[in-house]
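These are the residues of each chain, in order.
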Amino acid sequence: MALRFPLRSGRLLVRPFEETDAMAAHALYGDAEVMRYVGDGSAATPEQSAQMVEDYRRHQREHGFAFWAVIDRGTGELIGDAGLEVTRHGTEIGYTLARPWWGQGLATEAARLCVDAAFGALGLTRLVALVDAENPASARVLGKLGFHPDIDTDTEADLEAGRAGRREGTVIAYGRPHLRYVLVRPARVRPRS
């Protein structure tokens, strides 16, 4: 089943990125403070921001989901991203908001729309999330959504590369330690006969 956009919450709209979003996205991705815990921790150039938007658009075409634009319903302004991406860790959820919108519960609101889409229309059964080990605010968002630390993160490739035995629940992503969280779709309660 395909998603119907925009996804809506009380304060937000979430929709696929459009090519014309590149400049507004750069206001987010070009901010070093916003990007401190995202990817490799570097602010993006305008060209990199445009490439990110294009990569999200391509991922949407290929998988039926991606990181999406988060829009403030009151102003129509693009204030961040939230969504799902296929990575080597599984289907990963993520979210990024511009600084003026921090601390208002909007990351949780946007991420909840993504979880609902994943376990609803998209039919996914498991999500993972990676959080920079120095970013407890993002970990709190995941906790509100029901994610739990994944303490079984050593993969066969980790063992072969001699990376086993790291701190439980951590993986190296983007060149630095991240905590890995997991959320499994709850089993449907069967009606009594």
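Residues numbered from 1 in each chain as written. Predicted model: local features only at pLDDT ≥ 70, side-chain atom pairs only at ≥ 80, totals over all residues. Heavy atoms only, no water.

Colleague: I would appreciate a short explanation of the pattern of salt bridges in the present structure.
Modeller: Opposite charge on two side chains lets them pair, provided their charged atoms get close. For the structure shown, the criterion picks out twelve salt bridges. Of the charged contacts in the structure, one is a salt bridge between Arg-58 and Glu-62, with a shortest N-O distance of 3.6 Å. With Arg-58 and Glu-62 both in helix H3 (residues 46-63), this residue pair falls four residues apart, about one helical turn. By relative accessible area, Glu-62 is classed as exposed at 53%. Each of Arg-15, Glu-18 and Asp-21 takes part in one network of salt bridges that share partners. (Salt bridge = Lys/Arg side-chain N within 4 Å of Asp/Glu carboxyl O. Helix = DSSP H or I, 4+ residues; strand = E, 2+ residues; numbered from the N terminus. Buried < 20%, exposed > 50% of the residue type's maximum accessible area, 1.4 Å probe, protein only.)

Colleague: Explanation requested: the packing of aromatic side chains in the structure shown.
Modeller: How two aromatic rings sit relative to each other is set out by the distance from centre to centre and by the angle between their planes. Scanning all chains against the criterion turns up three aromatic pairs. Their ring planes at 25 degrees and their centres at 5.4 Å tell us that Tyr-56 and Phe-67 sit as a pair that is stacked. Here Phe-67 lies in strand E3 (residues 67-72) and Tyr-56 lies in helix H3, a separation of eleven residues in the sequence. Here a set of aromatic residues connected by ring pairs shows up, and it is made of Phe-17, Tyr-56 and Phe-67. (Phe/Tyr/Trp six-rings, centres within 6.5 Å; stacked < 30°, edge-to-face > 60°.)

Colleague: I'm lost on the environment of Leu-127 in this one. Help?
Modeller: In this fold, Leu-127 is placed in strand E6 (residues 126-132). Residue classification places Leu-127 among the buried positions, given a relative accessible area of 0%. Separated by 42 residues in the primary sequence, Leu-127 and Glu-85 have C-alpha atoms spaced 9.8 Å apart. When near neighbours in sequence (up to four residues on either side) are disregarded, Leu-127 contacts Leu-84, Thr-91, Val-115, Ala-118, Phe-119, Phe-147, Tyr-181, Val-182 and Leu-183. (Contact = heavy atoms within 4.5 Å.)

Colleague: Would you explain the packing of helix H1 (residues 22-29) against H3 in this entry?
Modeller: Helix-helix packing: each pair is described by the crossing angle between the helix axes and the interaxial distance. One way to put it is that H1 packs onto H3 with a least axis distance of 8 Å and a crossing angle of 115 degrees. When the axes of H1 and H3 are compared, the pair comes out roughly perpendicular. Pair H1 / H3 crosses with right-handed handedness. Here Ala-22, Ala-25, His-26 and Tyr-29 of H1 lie close against H3, whose contacting residues are Pro-46, Ser-49, Ala-50, Met-52, Val-53 and Tyr-56. (Axes fitted to C-alpha atoms, helices over the stretch in contact; angles between N-to-C directions. Parallel < 35°, antiparallel > 145°, perpendicular 65-115°, else oblique. Left-handed = near helix turned anticlockwise from the far one by under 90°.)

Colleague: Is there a simple way to explain the pairing of strand E2 (residues 12-15) in this structure?
Modeller: Side-chain positions along a regular strand alternate between the two faces of the sheet. Neither face of E2 is left uncovered, since the one carrying Leu-12 and Val-14 and the one carrying Leu-13 and Arg-15 both have all their residues buried. Bridge count for strand E1 (residues 7-8) against E2 is two bridges, and the pairing is antiparallel. When the sheet's bridge partners are listed, Leu-7 is paired in E2 with Val-14. Taking the residues between adjacent antiparallel strands as the criterion, E1 and E2 are bridged by three residues. Of the strand pairs in this sheet, E2 and E3 are connected by four bridges, and their pairing is antiparallel. The residue bridging Val-14 from the neighbouring strand is Val-70, located in E3. (Pairing = 2+ DSSP bridges.)

Colleague: What is the right way to look at helix H5 (residues 136-144) in this model?
Modeller: In an α-helix, one full turn covers 3.6 residues, which means residues spaced three or four apart are oriented alike. Where H5 is concerned, the buried positions are Ser-138, Ala-139, Val-141 and Leu-142. Each buried residue of H5 sits inside an arc of 155 degrees when the element is viewed along its axis, so together they form one side. Of the exposed residues in H5, those oriented more than 90 degrees away from the buried face are Arg-140 and Lys-144. Residues of H5 that are buried make contact with strand E5 (90-97), helix H4 (106-119), E6 and strand E9 (176-184). Directly beyond the C-terminal end of H5, a positive phi value near 95 degrees is found at Gly-146. (Arc of directions from axis to C-beta.)

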